[in-house]
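# Understanding the architecture of this molecule
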Amino acid sequence: MHRCRTYVFIISMVTAIWLAGCGNGGDSPVDTGGDGSGIDLSTLVETDDDILGISDQVPTPYADAIESGAKVVNLEPMNTFFVLWVPDGYSSMDARRVMVVAHGHGGNAYREMGSELPFAKDHGYAVVTIQWWTGVGDAMYSGAQFYEFMDVALRYMEYKYDAQLTKCAYRGWSLGSEISFEVTYLDRASGNNRLVLTISHDGGMRPEPSDMSVGEEFTTKLYNGDYGYKPFDGSRFYLYAGEVNQIGFMRNTRDVIIDFGGVVERLVEDNEAGHDGFYTHLQYHEEAAGIFIDLTS
């Protein structure tokens, strides 16, 4: 029997686990320098460059993002930054949506901004792309740390642009997909309930958590039932796999999500599309964006 079906009903532990996960940064070796609870949103500044020097490493995606009207917001106490873009007339829109995007291994917020912008412009939603790699070595921040970054970024979007935080979605590629399930769980466990849809492509949960690059601790606890009977209750997912080996992982992910109370809107098996198939087969990106719009209309 799959270990995810070995349920242990420990709902009372959810809050403690959430606090512990956010406090110690999960299983990541990277130190954020502190969480974002003490950041005064009014002191954050929109600028054209980042504190990590990622802009120098990827000059073309950086230049394209800035030329499109995107802005950088540095989170110095957390040793990271996010990039935001807001469509014209956003403040007067009936639905002020936000798409949060997580890059993959060695990725960057500027590239993800460029890939999301065509869909954001067509559908009229804001975009926040979060840098969760420091630009040095291979170590990434954890899912719990990413959630801290996302929390500050979304609260800033509400503060500055009157974004509606019950109308948000998350999109993650590769390692950004692997942490997407923890981020979605934390969104529910915290009581924020901001994410109406999680778009997760070419990552997923492995049958054996030890095979995962990030999120091993969270996935192990999930399979063991440490987060209760239905930790994904109320959560909706769009899953995509473009590589043969990823299809098996995403089928497992679909089953885990359903077992734990979530809804899978769609599982795309785009055989032999490649690890970046979601970016090159744009009909799936459009389909996922359309589901986001429908769920927030």
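Located above this text is the structure these notes cover.
The structure reproduced in this document is the subject of the present report. These numbers come from a predicted model, not from an experiment. (Residues numbered from 1 in each chain as written. Predicted model: local features only at pLDDT ≥ 70, side-chain atom pairs only at ≥ 80, totals over all residues. Heavy atoms only, no water.)

With that out of the way, let us pick up the packing of aromatic side chains. In this structure the tally under the stated criterion is 17 aromatic pairs. Where Tyr156 meets Tyr159, the ring centres are 6.5 Å apart and the plane angle is 45°; that geometry is what we call tilted. Residue Tyr156 and its partner Tyr159 are located together in helix α5 (residues 143-161), separated by three residues, close to a single helical turn. Judged by its relative accessible area of 2%, Tyr156 is buried. Residue classification places Tyr159 among the partly exposed residues on the basis of a relative accessible area of 48%. Within the aromatic cluster, the residues linked to one another by ring pairs are Trp173, Tyr240, Phe278, Tyr279 and Tyr284. (Phe/Tyr/Trp six-rings, centres within 6.5 Å; stacked < 30°, edge-to-face > 60°. Helix = DSSP H or I, 4+ residues; strand = E, 2+ residues; numbered from the N terminus. Buried < 20%, exposed > 50% of the residue type's maximum accessible area, 1.4 Å probe, protein only.)

Glancing now at helix α11 (residues 282-295). Helical geometry note: an α-helix holds 3.6 residues per turn, so side chains three or four residues apart project in the same direction. Between its terminal C-alpha atoms α11 stretches 20 Å, which fits the 20 Å expected from 14 residues at 1.5 Å a residue. Taken as a whole, α11 has its buried residues at Tyr284, His285, Ala288, Ala289, Gly290, Ile291, Phe292 and Ile293. (Expected span 1.5 Å × (residues − 1).)

Before going further, it helps to examine the pattern of salt bridges. One pass over the structure, following the stated rule, counts 14 salt bridges. Here Glu46 ties to Lys160 by a salt bridge, and the two come within 3.3 Å at their closest N and O atoms. Note that Glu46 is positioned in strand β1 (residues 46-47) and Lys160 in helix α5, a separation of 114 residues in sequence. A salt bridge links Arg96 to Asp162, with the nearest nitrogen and oxygen atoms 3.2 Å apart. Remark: Asp162 occurs in the loop between α5 and β6 (168-173) and Arg96 occurs in the loop between β3 (80-85) and β4 (98-102); sequence separation between them is 66 residues. The class for Arg96 is buried, based on a relative accessible area of 13%. Owing to a relative accessible area of 43%, Asp162 belongs among the partly exposed residues under this scheme. Bridged by salt links that share partners, the residues Arg111, Glu112, Glu116 and Arg171 form one connected network. (Salt bridge = Lys/Arg side-chain N within 4 Å of Asp/Glu carboxyl O.)

For the rest of this paragraph, the subject is the packing of α5 against helix α7 (residues 180-189). At their nearest, the axes of α5 and α7 sit 9 Å apart, and the two run at 55° to each other. Our classification of the angle between α5 and α7 gives oblique. Viewed along their axes, α5 and α7 form a crossing whose handedness is right-handed. Residues Gly143, Ala144, Phe146, Tyr147 and Met150 of α5 lie in contact with α7, whose contacting residues are Glu182, Val183, Leu186 and Asp187. (Axes fitted to C-alpha atoms, helices over the stretch in contact; angles between N-to-C directions. Parallel < 35°, antiparallel > 145°, perpendicular 65-115°, else oblique. Left-handed = near helix turned anticlockwise from the far one by under 90°. Contact = heavy atoms within 4.5 Å.)

Here we take up helix α9 (residues 244-259). Over its 16 residues, α9 runs 23 Å from end to end, which matches the ideal 22 Å to within 8%, given 1.5 Å per residue. Within the span of α9, buried status applies to Gln246, Ile247, Met250, Asn252, Thr253, Val256, Ile257 and Asp259. Of the residues trailing α9, Gly261 is marked for its positive phi of about 95°.

Glancing now at the environment of Ile51. Examined against the element boundaries, Ile51 turns out to sit in the loop between β1 and α2 (54-57). Taking the C-alpha atoms as reference, Ile51 lies 9.4 Å from Val73; in sequence the two are 22 residues apart. Not counting the four nearest positions on each side in its chain, Ile51 is found in contact with Asn74, Leu75, Glu76, Asn79 and Thr80.

Next up on the list: the sheet that holds strand β7 (residues 195-201). Read across the open sheet, the nine strands follow the order β1-β2-β3-β5-β4-β6-β7-β8-β9; overall the sheet is mixed. Looking at strand neighbours, the two that pair on one side only are β1 and β9 (263-269), the edges of this open sheet. Contacts between helix α4 (residues 109-123) and the sheet are confined to β2 (71-75), β3, β4, β5 (126-130) and β6, with β3 contributing the most and set at about 20° to the helix. (Pairing = 2+ DSSP bridges.)

Not every positive phi belongs to a glycine, and Asp162 is a case in point at roughly 60°. Phi at Glu272 is positive, roughly 70°, even though this residue is not glycine. Among the secondary structure elements, Glu272 is positioned in the loop between β9 and α10 (277-280). Look at Glu272 and you get exposed, because its relative accessible area is 68%.

As far as function goes, none of this settles anything; it's purely spatial.
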